[in-house]
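Structure assessment
One letter stands for each residue in the lines below.
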Amino acid sequence: MLLFSLLIISVVSFAQEKPDSYRVEMADTMRSNGRIYVVVAVALTILIGLVLYVVRIDRKISKLEREK
Amino acid sequence: MYKSWWKIASVALLIYTFTAGLLLDVPRLPALQETIRNLYFHVCMWFAMMILFTVSVVNAIRYLRTFNIKYDIYARQFAVVAIVFGLLGYLTGAIWASYTWADPNKPAINSFSTIARDPKLIGAAIALLVYFAYLILRDSIQDMDKKARISAVYNIFAYAMLFPAIWILPRILPSLHPGNEGNPALDVKNDISGNMRMIFYPAVIGWTLLGVWITTLKIRLSLLKEKGMLS
């Protein structure tokens, strides 16, 4: 599934490249396509933050269980 | 060490949901427009809720068969997390509806009363209230065995109420909510395009696994508490 998502991301990023050569394209991914990538970055940051929080709680409970 | 491959799978599926769900092409439908992407979030909340309630009722039955207090803890925590997912589904649904169902040409009060009368919303509210009553009933009984037994029986009744309230009842009445004539979110011909399924099914699995993960944390914590009380 991870491999698949990487594939999709690469396909999407290929679609971004524009043919007109006179325009200087430099690391413009975050500014293209109505800046939807910014939304993706924000949503992913929140998701990863929440996941890290859950992982921390998981670790803490594991520690408590070992102490018992 | 606990086996954690499914936790990693859950996170990977959710990351996939968030990126592909926001970036991949979706069918252009009137009124819905880009909000159809909410399928990967709002609808998944309800699917996760139904799966977690099912696990809860299975554990309630297991408790009644064995009278092992462990299963009572399982049943309770799965129900609690399912309720959280249900509330999130309700909240996201309210946001979604207010930008799609609500008619900007009508006065706000008018269109609000149409939305609030929708049978799907009322059915979901009934289902959630039945489960709120489950928690209240549980916590109002002091005796541990009595609490476990009564709430396990109530859990079965609540589960029997869940599907009529959220699936059958709204279909008998006219509803704004999509999916009255078929299966919402699963009907490729009318609701979604085929490639939306490539994100929708992984999303359901990812969200459900996240719910299970949180539930296991709650279960482990309450088992620890239980041990502390006994020793």
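This section reports on the structure supplied with the text.

Thresholds applied
Residues numbered from 1 in each chain as written. Chains lettered and ligands numbered in written order. Predicted model: local features only at pLDDT ≥ 70, side-chain atom pairs only at ≥ 80, totals over all residues. Heavy atoms only, no water. Helix = DSSP H or I, 4+ residues; strand = E, 2+ residues; numbered from the N terminus. Buried < 20%, exposed > 50% of the residue type's maximum accessible area, 1.4 Å probe, protein only. Contact = heavy atoms within 4.5 Å. Areas by Shrake-Rupley, 256 points an atom, 1.4 Å probe, with all protein chains shown as cover. Lys, Arg positive; Asp, Glu negative; His and termini not counted. Charge placed at Lys NZ, Arg CZ, Asp CG, Glu CD. Polar contact = N/O pair within 3.5 Å; in protein donor to acceptor, adjacent residues only side chain to side chain. Buried area = accessible area lost by both parts, 1.4 Å probe. Salt bridge = Lys/Arg side-chain N within 4 Å of Asp/Glu carboxyl O. 1 Å grid on protein atoms, 1.4 Å probe; cavity = no way out; pocket = protein on both sides within 12 Å on 5 of 7 lines; lining within 4 Å. Points joined across faces, edges and corners; volume = space filled by probe spheres on them. Nonpolar A, V, L, I, M, F, W, Y, C, P; charged D, E, K, R; others polar. Axes fitted to C-alpha atoms, helices over the stretch in contact; angles between N-to-C directions. Parallel < 35°, antiparallel > 145°, perpendicular 65-115°, else oblique. Left-handed = near helix turned anticlockwise from the far one by under 90°. Core = buried A, V, L, I, M, F, W, Y, C linked by side-chain atoms within 4.5 Å. Patch = residues over 30% accessible without salt bridge, like charges linked within 9 Å, V, L, I, M, F, W, Y side chains within 5 Å. Phe/Tyr/Trp six-rings, centres within 6.5 Å; stacked < 30°, edge-to-face > 60°.

1. Considering the overall build of chain B
Looking only at helices and strands, one finds seven helices and zero strands in chain B. Each helix and strand of chain B, placed in order from N terminus to C terminus, yields the pattern α-α-α-α-α-α-α. The principal-axis extents of the C-alpha atoms in chain B amount to approximately 65 × 40 × 25 Å. Each of the 231 residues in chain B was classed as buried or not, and the buried ones make up 46%. Contacts in chain B between residues at least 24 apart in sequence constitute 75% of all its contacts with a sequence separation of at least 6. When the accessible surface of chain B is split by element, carbon and sulfur atoms take 68% of a total near 12,200 Å². The distance from the centre of the 22 positive side-chain charges to the centre of the 12 negative ones in chain B is 8 Å.

2. So, the environment of aspartate 143 of chain B
Residues and elements named next belong to chain B. Locating aspartate 143 in the fold gives a position in the loop between helix H5 (119-139) and helix H6 (144-172). Judged by relative accessible area, aspartate 143 falls into the partly exposed class, the value being 44%. Residues aspartate 143 and threonine 216, spaced 73 residues apart in sequence, show a C-alpha to C-alpha distance of 25 Å. A polar contact is formed between the side chain of aspartate 143 and the backbone nitrogen of lysine 146, at a distance of 3.0 Å.

3. Concerning the interface of chain A and chain B
Facing 23 residues of chain A, the contacting portion of chain B comprises 21 residues. At the boundary of chain A with chain B, total buried surface from both sides reaches about 2,200 Å², with 85% on carbon and sulfur atoms. On the surface where chain A and chain B come into contact, there are three salt bridges. Here aspartate 58 of chain A makes a salt bridge to lysine 7 of chain B, at a shortest N to O gap of 2.7 Å.

4. Some words on the layout of surface pockets
Of the volumes computed, that of the largest pocket is approximately 1,200 Å³. Lining of the largest pocket is provided by 45 residues; of these, Val81, Val84, Phe85, Ile214 and Lys218 of chain B occupy positions nearest its centre. Secondary-structure elements contributing two or more residues to the lining of the largest pocket are helix H2 (36-67) of chain A together with helix H1 (5-23), helix H2 (42-66), helix H3 (69-100), H5, H6 and helix H7 (194-230) of chain B. If you tally residues by element for the lining of the largest pocket, the top one is H3 of chain B, at 12 residues. Of the residues belonging to the lining of the largest pocket, the class tally is 30 nonpolar, five polar and 10 charged.

5. Some details on the packing of H2 of chain A against H1 of chain B
Packing of H2 of chain A against H1 of chain B brings their axes to within 9 Å, and their N-to-C directions diverge by 165 degrees. Taken as axis vectors, H2 of chain A and H1 of chain B run roughly antiparallel relative to one another. Of the two elements, H2 of chain A crosses H1 of chain B, and the hand of that crossing is right-handed. Two secondary-structure elements touch here, H2 of chain A through Ile36, Tyr37, Val39, Val40, Ala43, Leu44, Leu47, Val51 and Asp58 of chain A and H1 of chain B through Lys7, Val11, Leu14, Ile15, Phe18, Thr19, Leu22 and Leu23 of chain B. In the contact of H2 of chain A with H1 of chain B, the residues fall into 14 nonpolar, one polar and two charged.

6. As for the nonpolar core
One finds Tyr40, Met49, Phe53, Phe200, Trp207 and Trp213 of chain B to be the most contacted residues of the largest nonpolar core, which totals 69 residues. Residue assignment for this core shows that the elements contributing at least two residues are H2 of chain A together with H1, H2, H3, H5, H6 and H7 of chain B. Look past the residues within four positions of tyrosine 40 of chain B in its chain and what remains in contact with it is Thr17, Gly21, Val26, Met196, Ile199, Phe200, Ala203 and Trp207 of chain B.

7. Side note on a nonpolar patch on the surface
Taken together, the side chains of Met30, Val38, Val42, Ile46 and Leu50 of chain A make up a nonpolar region of the molecular surface, amounting to roughly 440 Å² of accessible area. Along the chain, leucine 50 of chain A falls in helix H2.

8. Focus on the packing of aromatic side chains
Residue and element names in this part refer to chain B. For the structure on display, the rule yields 12 aromatic pairs over all chains. Centre to centre, the rings of tyrosine 131 and tyrosine 134 are 6.4 Å apart; their planes meet at 70 degrees, and the pair counts as edge-to-face. With a gap of three residues between them, tyrosine 131 and tyrosine 134 both fall in helix H5, about one helical turn apart. Tyrosine 134 carries the same exposure label as tyrosine 131, and that label is buried. Considering the side-chain rings of tyrosine 159 and phenylalanine 163, the 5.4 Å spacing of their centres and the 70 degrees angle between planes classify their relative orientation as edge-to-face. Separated by four residues within a single helix, tyrosine 159 and phenylalanine 163 lie in helix H6, roughly one turn from each other. In this structure phenylalanine 163 comes out as partly exposed when scored by relative accessible area, which is 25%.

9. Things to note about the packing of H2 of chain B against H6 of chain B
Residue and element names in this part refer to chain B. The interhelical angle for the contact between H2 and H6, taken along N-to-C directions, is 145 degrees, at an axis separation of 9 Å. In the packing of H2 onto H6, the handedness of the crossing is left-handed. Contacts between H2 and H6 involve Met49, Met50, Phe53, Thr54, Ser56, Val57, Ala60, Ile61, Tyr63 and Leu64 from the first element and Asp145, Ala148, Arg149, Ala152, Val153, Asn155, Ile156, Tyr159, Leu162, Phe163, Ile166 and Trp167 from the second. Here the residues of the contact of H2 with H6 are counted per class, giving 17 nonpolar, three polar and two charged.

The analysis is restricted to geometry; functional conclusions fall outside its scope.
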